[in-house]
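Single-letter residue listing:
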Amino acid sequence: MLHSPARPVEEIDEGVRRLAADMVETMAAAPGVGLAAPQVGSPLRMFVWSWTDDDGVVHSGVAVNPRLWIAPTRVTPAGDDDVEGCLSFPGERFGLVRSSAAILEASDLEGDPVRIEAEGWLARIFQHEYDHLDGVLYLDRLAHPEHKAAMKIRKKNGWGVDGLSWLPGTDHPED
Ligand code: ZN
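My aim in this report is to walk through the structure given alongside it, one point at a time. These numbers come from a predicted model, not from an experiment. Sequence order as written defines residue numbering, which begins from 1 separately in each chain. At least 70 in pLDDT is required for a residue's local features to be given in this predicted model, at least 80 for side-chain atom pairs to be given and counted, and no such filter applies to totals for whole chains, interfaces and linings, which use all residues. Excluding hydrogens and water, the side-chain values take into account all heavy atoms of the structure.

## Digging into unusual backbone geometry
Glycine aside, negative phi is the norm for most residues, and most peptide bonds take the trans geometry. Cis geometry marks the peptide bond from A30 to P31, where omega comes out at -10°. With respect to the helices and strands, the residue P31 is situated in the loop between helix 1 (14–29) and strand 1 (34–36). The omega torsion of the bond from H144 to P145 falls at 10°, within 30 degrees of zero and hence cis. The residue N65 is not glycine, and still its phi comes out positive at about 50°. Secondary structure elements follow DSSP: runs of H or I no shorter than four residues count as helices, runs of E no shorter than two count as strands, and numbering proceeds from the N terminus. Its place among the elements puts N65 in strand 3 (residues 58–70). Categorising residues by exposure relies on relative accessible area from a 1.4 Å probe, with only protein chains included: less than 20% of the type maximum marks a residue as buried, more than 50% marks it as exposed, and the intermediate range marks it as partly exposed. N65 gets classed as partly exposed once you look at its relative accessible area, which sits at 29%.

Next comes the structure, spelled out in structure tokens:
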């Protein structure tokens, strides 16, 4: 599921709204700043996010059938500010250079258009979650030697096979 492209949401019905509510709850319990539908076993193009910036402003929402435009990515090694993690590869973090700006266009749960110009972490969150909808994990984008280290961890944990899951608030994947 995590490596398959998701399909568009055709109709925002009760099922889609319930899924979005479940995703918001799961993201909060994890805790995480974003969650895409394929991460909870649903092959739909939808993600949620909730992130509090340094000024205490909460940025949150639901993106249905999102489109994302990104500014050119700088070509420099990942630094301390580029460290990223993923709830589908729990307990690990790796440096990854992302575009510093992105424009998200999507539909909200009422079917109304959403357009957000994001920078910094919010732009990173959008790129990470959008990737999930195309079957791409941030691990797939890591440069050597981070990629090698990630694959070693995956092998050690027996991850990367079908049917694995963990339940935020119940399981402790870092133990
Ligand atoms: Zn992720």
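## A look at the environment of V40
Here V40 is to be found in the loop between strand 1 and strand 2 (46–52). Taking the C-alpha atoms as reference points, V40 and S165, separated by 125 residues in sequence, lie 8.6 Å from one another.

## Remarks on helix 2 (residues 120–133)
With 14 residues, helix 2 ought to run about 20 Å at 1.5 Å a step, and its terminal C-alpha atoms sit 21 Å apart, in line with that. Of all 14 residues in helix 2, twelve are buried; the element is thus mostly enclosed. One or two steps after helix 2, the chain reaches G135, where phi turns positive at roughly 75°. Expected span of a helix: the number of residues minus one, times 1.5 Å.

## Notes on the side chain of R98
Mapped onto the elements of the fold, R98 is located in the loop between strand 5 (93–95) and strand 6 (101–107). Take R98: its relative accessible area is 7%, and that puts it in the buried class. There is a polar contact of 2.8 Å between the side chain of R98 and the side chain of E84. Only heavy atoms matter for contacts: two residues are in contact if any of them lie within 4.5 Å across the pair. Filtering out sequence-adjacent residues up to four positions away, R98 remains in contact with T73, R74, E84, R124, Q127, H128, D131, Y138 and R141. Two N or O atoms form a polar contact when they lie within 3.5 Å of each other; inside protein one atom must be a possible hydrogen donor and the other a possible acceptor, and for residues adjacent in sequence the pair counts only when both atoms belong to side chains.

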